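# Fold and contact review
Residues per chain, in single letters:
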Amino acid sequence: MKTAIIGTGNLGLSIAKGILNNNGATSMYLTKRDTTAIAEFEKYDKVTVTNDNRIAVENSDILIFAVQPIHFAAILESIKDLLTDKHVIISTITGFSIEKIEAVIGKDNFIIRSMPNTAISVGKSMTCICSNEKGKKRVELAKAIFNRMGHSMEIPEGQMQAATVICASGVAFWMRLIRATTQGAIQLGFDAKEAQELAMHTCNGAASLLIESGNHPEEEIDRVTTPMGCTITGLNEMEHQGLSSSLIRGIISSYDKITEFKNK
């Protein structure tokens, strides 16, 4: 596929790495106003680095937008005359609705909103996808792209704000839990490097158990808890200190904040 990433910042770079690492593009254009930070990608034969969005659009079929929300409408306006029926527009911009995109470029385009997370750079993103009416014909194509870099799920657009909190902000939430586990391991006598290795691979294993088995988390918890044992003692103390309620309250607070941004 001929792919362009318009706005190659942190997320755009993660997407580019994910696609390139999985041979997901026959050609790729990366755009940024200052291309210095992405010049290293010119080492790839299939990659062109440019600050000209129009050149990228003219030479690509899949257009992945990863720009700041305040710039998105103007960028769409600047390239809309180049759009043809070959183009699939994939937005990763938080809070920028399909209705707003259609207001700039029209409804007669394949428009898809996606919410990947930064784990896309290592092929482990959880990406949520929705589309306009015409875009429904290209949802499977979008899922195929993102499934090469993790897992994707089609959801109603009304759930995209919540998906942003669970999947994008969620990476930070899980990082904080891994950090806390690391700190606990250090207190128990492991050095910092060993502690982090123990924490992150245990976290990875726990998630993999659920993915592979399809079990509810409590089923897997039951497998490692014994009456009056150390695991249930630790779990109960965490709950007494508000582990679950703090996580839920944090998720709701993030959602309230993102909704506040949307309503402004």
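Residues numbered from 1 in each chain as written. Predicted model: local features only at pLDDT ≥ 70, side-chain atom pairs only at ≥ 80, totals over all residues. Heavy atoms only, no water.

### So, the pairing of strand 8 (residues 150–154)
- Where strand 7 (residues 125–131) lies against strand 8, five bridges are found, and the strand directions are parallel. Its bridge partner lying in strand 8, Cys-128 is registered against Met-153.
- Handedness of the β-α-β unit built from strand 7, helix 5 (residues 139–147) and strand 8 comes out right-handed. (Pairing = 2+ DSSP bridges. Helix = DSSP H or I, 4+ residues; strand = E, 2+ residues; numbered from the N terminus. Right-handed = clockwise from strand over helix to strand, strands pointing away.)

### Description of the sheet that holds strand 3 (residues 47–50)
- Taken in spatial order, the eight strands make up an open sheet running 3-2-1-4-5-6-7-8, and their pairing is mixed. Of all strands in the sheet, those with a lone pairing partner are strand 3 and strand 8, marking the two edges. Across the sheet, the axes of successive neighbouring strands diverge by a mean angle of 20°, strand direction being ignored.
- Taken strand by strand, helix 3 (residues 69–79) contacts strand 1 (2–6), strand 4 (62–65) and strand 5 (88–91), and its axis lies near 155° from that of strand 4.
- Its contacts with the sheet place helix 6 (residues 160–187) against strand 6 (110–115) and strand 7, and it is angled at close to 40° to strand 6. (Axes fitted to C-alpha atoms, helices over the stretch in contact; angles between N-to-C directions. Contact = heavy atoms within 4.5 Å.)

### Focus: the UniProt feature "domain: Pyrroline-5-carboxylate reductase dimerisation" (unreviewed entry) in the chain
- Feature annotation in UniProt assigns "domain: Pyrroline-5-carboxylate reductase dimerisation" (unreviewed entry) to the following positions: residues 157–260.
- Taken end to end, residues 157–260 is 84% helix and 0% strand, and its first and last C-alpha atoms sit 17 Å apart. (UniProt positions renumbered as here; feature names shortened; annotations may be inferred.)

### Examining the nonpolar core
- Residues Phe-65, Phe-72 and Ile-105 are the most contacted members of the largest nonpolar core, which totals 29 residues.
- Those elements that provide at least two residues to this core are strand 1, helix 2 (53–58), strand 4, helix 3, helix 4 (98–105), strand 6, strand 7 and helix 6.
- Apart from residues lying up to four places away in sequence, Ile-105 is in contact with Leu-76, Lys-80, Leu-83, Ile-89 and Ile-111.
- Core analysis: the second largest hydrophobic core is formed by 26 residues, Ile-15, Ala-16, Val-139 and Ile-145 among them. (Core = buried A, V, L, I, M, F, W, Y, C linked by side-chain atoms within 4.5 Å. Buried < 20%, exposed > 50% of the residue type's maximum accessible area, 1.4 Å probe, protein only.)

### Topic: the layout of surface pockets
- In this structure, the second largest pocket spans a volume of roughly 720 Å³.
- Contributing elements (two or more residues each) for the lining of the second largest pocket: helix 1 (10–21), helix 3 and helix 6.
- Residues that form the lining of the second largest pocket fall into these classes: 11 nonpolar, 15 polar and three charged. (1 Å grid on protein atoms, 1.4 Å probe; cavity = no way out; pocket = protein on both sides within 12 Å on 5 of 7 lines; lining within 4 Å. Points joined across faces, edges and corners; volume = space filled by probe spheres on them. Nonpolar A, V, L, I, M, F, W, Y, C, P; charged D, E, K, R; others polar.)

### Quick word on the side chain of Ser-125
- Looking at the secondary structure, you find Ser-125 in strand 7.
- A polar side-chain atom of Ser-125 sits 3.1 Å from the main-chain amide nitrogen of Asn-117.
- Filtering out sequence-adjacent residues up to four positions away, Ser-125 remains in contact with Pro-116, Asn-117, Ala-119, Ile-120, Met-149, Gly-150 and His-151. (Polar contact = N/O pair within 3.5 Å; in protein donor to acceptor, adjacent residues only side chain to side chain.)

### Considering the state of the cysteines
- Scanning all chains against the criterion turns up zero disulfides.
- Of all cysteine sulfurs in the structure, the one in Cys-203 sits closest to Cys-230, which takes part in no disulfide; the separation is 19 Å.
- Residue class for Cys-230 comes out exposed when judged on its relative accessible area of 69%. (Disulfide = S-S within 2.5 Å.)

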